[in-house]
Amino acid sequence: MSEIARLCGGEFRGADVEACEIVVDSRNHAFGGGAMFVAMRGQNRDAHDFVGEMYERGVRAFMVERNIDVSQYEGAGVVCVENSLEALQRLATEHRAAFGGKVVGITGSYGKTVVKEAVAAAIPAGVKYFASPMSYNSQLGVALSLLMIDGDEEVAFIEAGISQSGEMCRLEKMIRPDIVLFTSIGEAHQCNFASEEEKLAEKLLLAQHASTLIYHNAFAQIGSVARQKGLKCRVVAAGNKNLPKGNTAEINATLVGELCRELGYSVMPDRVDDLNVRMEVKEGIASSTIIYDSYNSDINSLALALDTLRGVALRGKTTAVVADISGGSVEEDELYERVAELIASAGVDEVIGVGEVIAQYASKFGCKSRFFASDEALMRALTTNDIAGRTILLKGNRQNDLRRLCHRLESKSHTTVLEVNLDAMAHNVSYFRRFLPMNHRMVAMVKAHSYGAGDVEVAQLLQRLGVTYLAVAFADEGVVLREKGITMPILVLNADAESFDKMVAHRLEPEIYSFHSLEDFARSVERLGCEEYPIHIKLDTGMHRLGFIEEELGALTERLMENKSLKVASVFAHLSCADMPEEDDFTREQISRFDRMSRTLCDALPYKVLRHTANSAAIERFPEAHFDMCRLGLGLYGYGYRHNEELQPVATLKTRIVQLRHRKAGEAIGYGRSEVLKRDSLIATIPIGYADGLDRHLSNGRWSMLIAGQRAATVGRICMDSCMLDVTDIEGIAEGDEVKVFSPLAGNTPEDMAEVLGTISYEIMTSVAARVKRIYVRE
């Protein structure tokens, strides 16, 4: 710790303990005895509040930004710094400077993680390398990645991502890459730059001290800006300049091959499109949950996967299925000692080892454990009792990715899936928190199956992000969340008398909008023997849907004062036009009316009551509407009151081509012969139809889907379970290719689809049928 203090300019106090790894999130559990907890002041939380908890869990090394009484923590060492992030960056810079291998910095608008992992998979066996875990490419992520380098690797692959000016300079100072690979340039974060050229120039700062810059000719503007800026490094432009930018499989393959040649490895893949570089959470058979993670199998990625397992499982039973782990030059005995330590610290109930190597170290695992030579042997031995109700991590490796086991355990096998990006959702929460004071309370709307995105997986994330309340439409939705382990407060917006007993039994909190609902709920609470049960009073300030009006407040106050079985947790109202600038005068009237009405009620009650009326649009547009709490609805899922590039849409609806057929001009496609081909055409059939939520009004060319980044229009009528696309103009297409029905990509979003249909993106999102498999991904 004294050495860390010297390197990062901090003040050292206490015991001079050794730090072997960094922990920045107190909710993480998969770490060993040499962990250093780095406390930072976040947008919503101050990690210094958890120093005591981390000490109780065995941590003895701390980096902090404010003075703490070291005498309270016997045997602990503390480094006090002005800014923990900057201190970590200085530490990472020193660690990088001591590294003798080559460093490859990978940047671009998209494709960074795919290319990084593809290169790592392509280099020859026996070459020790380091690749930054997952998408650790931020100011913090890069620092953490560099500090994970052992020091004896031949090459290190480090991602670098930015969102605004000034960020790449700090990343470059840490990474100091020998080679820079620039994967792409696109629309991401463009709103923070005056032009694409400005964004390119910022990203190219990563190459200012490099020896080589590699990019693909499809993105010729990268080379142009590099020349304009006078970069002194050698610039390598690879591939066919006429290749469509959407053909990422070929572009990535070319970049991987070029980088491998630059490193001295003879590798040239044809396509790079099969690597699954994201952790996936899926619904499993027998009420289980499956976490699938196979793209990397080193000790760092195992720690991340185990923390995800614990977070998803909440307090439920857990199983970790772990294939042989890669340890580079680390001795196997030491490696599996560390693996067993991580599994124990994560509180895993059962570990199942798959592979000949991990089985040799069975004695190191203290929890219930079993070992199998192959996944086939495991599948033969598994029973329903081994799976039922558990959260199961499948941690594969490149040789044994456990994919067949994953398919067997999944509850749905529909080729069409709705992919929900939980990282994007977390980003959107952070975006809206920028408009609010620190620690401001937030209600997250998860009604209608989280706007089609799912239920418990979304709720688990929001619980982890520190959201105050969840809000559902009906009691049954809240019951599902309770049964799956969600403990945070849940508000039921459409509470009806028939569900009141069920709500009390599951500690769900009702919206009370009339004297009738107040009396009915009070009877249920009293019958079940509860006191001061939390309720939420709905006011009508101009929406004229539900709620108490101003003239009823006196009588309402009297009844609430008389009734000791109920306690008002919050009073709220709905803004009907916060997303319509032309109606701002009316919205301000609503806010003023709510302020007056809610204050009248709150002042009359002898306890604190929360007030909230702001929805997603009002969080951004009306600071005077923030009050004590705000409600985040569609904005959580990546859509604003207007198109907003800073929000990240969370959902991608995708499927695959199941058949390709050449058809002659004059032939008709689909039911009713509604579309006759005007030319010889190549027609693809995909397994998605109106029973999956694809509106029939998108038939006959009214909607185009994306295949390899190119548009393919519907042809003929959309059927119940399938539809057809005209793919004549897409080169190299094959059965099995992925099709994006809607996605975050421009021209293919739910917003675009809603415009075609004359509706709103809410309807598009909530229309995706339950039979469509949901997959939850984390970068």
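Residues numbered from 1 in each chain as written. Predicted model: local features only at pLDDT ≥ 70, side-chain atom pairs only at ≥ 80, totals over all residues. Heavy atoms only, no water.

## A look at the overall build of the protein chain
From N to C terminus, the protein chain includes 26 helices and 36 strands. Rg of the C-alpha trace for the protein chain: 28 Å, near the compact-globule value of 28 Å for 779 residues, within the 12% margin. Overall, the C-alpha framework of the protein chain stretches about 85 × 80 × 60 Å when taken along its three principal axes. The buried share of the protein chain, reckoned over its 779 residues, is 55%. (Helix = DSSP H or I, 4+ residues; strand = E, 2+ residues; numbered from the N terminus. Rg over C-alpha atoms; globule rule 2.2 N^0.38 Å. Buried < 20%, exposed > 50% of the residue type's maximum accessible area, 1.4 Å probe, protein only.)

## Quick word on helix 8 (residues 220-228)
Looking at helix 8, one finds that the buried residues are Gln221, Ile222, Gly223, Val225 and Ala226. In this structure, the buried side of helix 8 is in contact with strand 9 (179-182), helix 7 (196-204) and strand 10 (212-216). Taken from the residues just after helix 8, Gly230 is the one with a positive phi, measuring 70°. (Contact = heavy atoms within 4.5 Å.)

## Section: the sheet that holds strand 20 (residues 469-472)
What the 8 strands build is an open sheet, ordered 25-24-23-22-21-20-19-26; its pairing is parallel. Only two strands of the sheet have a single partner each, and these edge strands are strand 25 (610-612) and strand 26 (629-632). Between one strand axis and the next, the sheet turns by 30° as a mean value, whatever way the strands run. Inspection of the sheet shows strand 22 (residues 509-512) paired to strand 23 (residues 533-538) by 2 bridges, in the parallel sense. When the sheet's bridge partners are listed, Ile512 is paired in strand 23 with Ile537. (Pairing = 2+ DSSP bridges. Axes fitted to C-alpha atoms, helices over the stretch in contact; angles between N-to-C directions.)

## So, the layout of surface pockets
By rolling a water-sized probe across the atoms, one finds the places where empty space is left. Empty space within the second largest pocket amounts to approximately 870 Å³. Together, 36 residues line the second largest pocket, and Tyr451, Asp579, Asn615, Leu634 and Tyr762 are the ones closest to its centre. Mapped onto the lining of the second largest pocket, the elements with two or more residues apiece are helix 17 (447-451), helix 24 (616-621), strand 26 and helix 26 (761-766). (1 Å grid on protein atoms, 1.4 Å probe; cavity = no way out; pocket = protein on both sides within 12 Å on 5 of 7 lines; lining within 4 Å. Points joined across faces, edges and corners; volume = space filled by probe spheres on them.)

## Notes on the pairing of strand 8 (residues 155-159)
Side-chain direction in a regular strand flips from residue to residue, so the side chains alternate between the two faces of the sheet. With respect to burial, strand 8 is a largely interior element, 5 of its 5 residues being buried. Of the two faces of strand 8, both are covered, the one formed by Val155, Phe157 and Glu159 as well as the one formed by Ala156 and Ile158. Across 5 bridges, the pairing between strand 6 (residues 102-107) and strand 8 is parallel. Each bridged residue has a counterpart across the sheet, and for Gly105 the counterpart in strand 8 is Ile158. As judged from the 3 bridges shared by strand 7 (residues 129-131) and strand 8, these two strands associate in the parallel manner. Across the sheet, the residue bridging to Phe130 is Ala156, located in strand 8. Following the chain from strand 7 across helix 5 (residues 139-147) to the adjacent parallel strand 8, one finds a crossover that is right-handed. (Right-handed = clockwise from strand over helix to strand, strands pointing away.)

## Examining the pattern of salt bridges
Scanning the model with the defined rule gives 48 salt bridges in all. Taking the shortest distance from any N to any O, the salt bridge between Glu519 and Arg559 comes out at 2.4 Å. Of this pair, Glu519 sits in helix 21 (residues 515-527) while Arg559 sits in helix 22 (residues 553-562), and the two are 40 residues apart along the sequence. A relative accessible area of 35% places Glu519 in the partly exposed class. What emerges from the salt-bridge pattern is a single network uniting Arg41, Asp46, Asp49, Glu65 and Arg66. (Salt bridge = Lys/Arg side-chain N within 4 Å of Asp/Glu carboxyl O.)

## Let's talk about the sheet that holds strand 6
Across the sheet, which stays open at both edges, the 6 strands sit in the order 7-8-6-9-10-11 with parallel pairing between neighbours. What marks the edges here is a single partner per strand, and that holds for strand 7 and strand 11 (234-238). Taking the axes of each pair of neighbouring strands and ignoring which way they run, one obtains an average angle of 15° across the sheet. Contacts from helix 4 (residues 112-122) reach strand 6, strand 7, strand 8 and strand 9 within the one sheet, and its direction differs from that of strand 8 by about 165°.

## A short note on empty space enclosed by the protein
With the rule as written, the count across this model stands at 5 cavities of 30 Å³ or more. Space inside the largest cavity adds up to approximately 70 Å³. As for the largest cavity, its lining consists of Thr319, Val321, Ile352, Arg370, Leu378, Leu382, Asp386, Ile387, Ile392, Leu394, Leu405 and Leu409. Counting only elements with at least two residues in the lining of the largest cavity, the list comes to strand 14 (318-323), helix 14 (384-387), strand 17 (391-395) and helix 15 (403-409). In the lining of the largest cavity, the residues fall into 9 nonpolar, 1 polar and 2 charged. (Nonpolar A, V, L, I, M, F, W, Y, C, P; charged D, E, K, R; others polar.)

## Let's talk about helix 7
The complete set of buried residues in helix 7 reads Lys199, Leu200, Ala201, Glu202, Lys203 and Leu204. Those residues of helix 7 hidden inside the fold are in contact with strand 6, helix 6 (167-175), strand 9, strand 10 and helix 8.

## Remarks on the pairing of strand 33 (residues 710-714)
In this structure, strand 32 (residues 704-707) lies alongside strand 33, joined through 4 bridges in antiparallel fashion. When the bridges of strand 33 are listed, Met705 appears paired with Ala712. Between strand 32 and strand 33, which pair antiparallel and follow one another directly, the connecting turn spans 2 residues, one of which, Ala708, has a positive phi of 50°. Direction of pairing for strand 33 relative to strand 34 (residues 723-726): antiparallel, over a ladder of 2 bridges. When the bridges of strand 34 are listed, Thr714 appears paired with Leu725.

## Some details on the packing of helix 3 (residues 84-97) against helix 5
Relative orientation of the contacting elements helix 3 and helix 5 amounts to 40°, with a least axis distance of 8 Å. Note that helix 3 runs across helix 5; the crossing there is left-handed. Note on element contacts: helix 5 touches helix 3 through Gln139, Leu140, Ala143, Leu144, Leu146 and Leu147, opposite Leu85, Leu88, Gln89, Leu91, Ala92, His95 and Arg96. (Left-handed = near helix turned anticlockwise from the far one by under 90°.)

## Details of the nonpolar core
Ranked by internal contacts, the top residues of the largest apolar core, which has 145 residues, are Leu306, Leu470, Ile537, Tyr637 and Val727. Excluding its chain neighbours within four sequence positions, the residues that come into contact with Tyr637 are Met425, Asn428, Met445, Val446, Ser450, Tyr451, Ala453, Val458, Gln648, Pro649, Val650 and Met765. Among the nonpolar cores identified, the runner-up in size contains 71 residues, and Val115, Ala118, Phe157 and Ile185 belong to it. (Core = buried A, V, L, I, M, F, W, Y, C linked by side-chain atoms within 4.5 Å.)

## Focus: the packing of aromatic side chains
Counted according to the given criterion, the structure contains 13 aromatic pairs. A centroid spacing of 5.7 Å and a plane angle of 50° characterise the contact between Phe365 and Phe371, whose relative ring orientation is tilted. Three or more aromatic residues link up through ring pairs in this structure, and these residues are Phe37, Tyr55, Phe62 and Tyr73. Its guanidinium or amino end placed over the ring of Tyr607, Lys567 lies 5.1 Å from that ring's centre, counting from NZ or CZ. (Phe/Tyr/Trp six-rings, centres within 6.5 Å; stacked < 30°, edge-to-face > 60°. Lys NZ or Arg CZ within 6 Å of the ring centre and 35° of its normal.)

## A short note on unusual backbone geometry
The backbone phi angle of Ser287 is positive, close to 60°, even though this residue is not glycine. Non-glycine residue Asn700 carries a positive phi angle of around 55°. Structurally, the position occupied by Asn700 is in the loop between strand 31 (681-686) and strand 32. Overall, Asn700 belongs to the partly exposed group, its relative accessible area being 35%.

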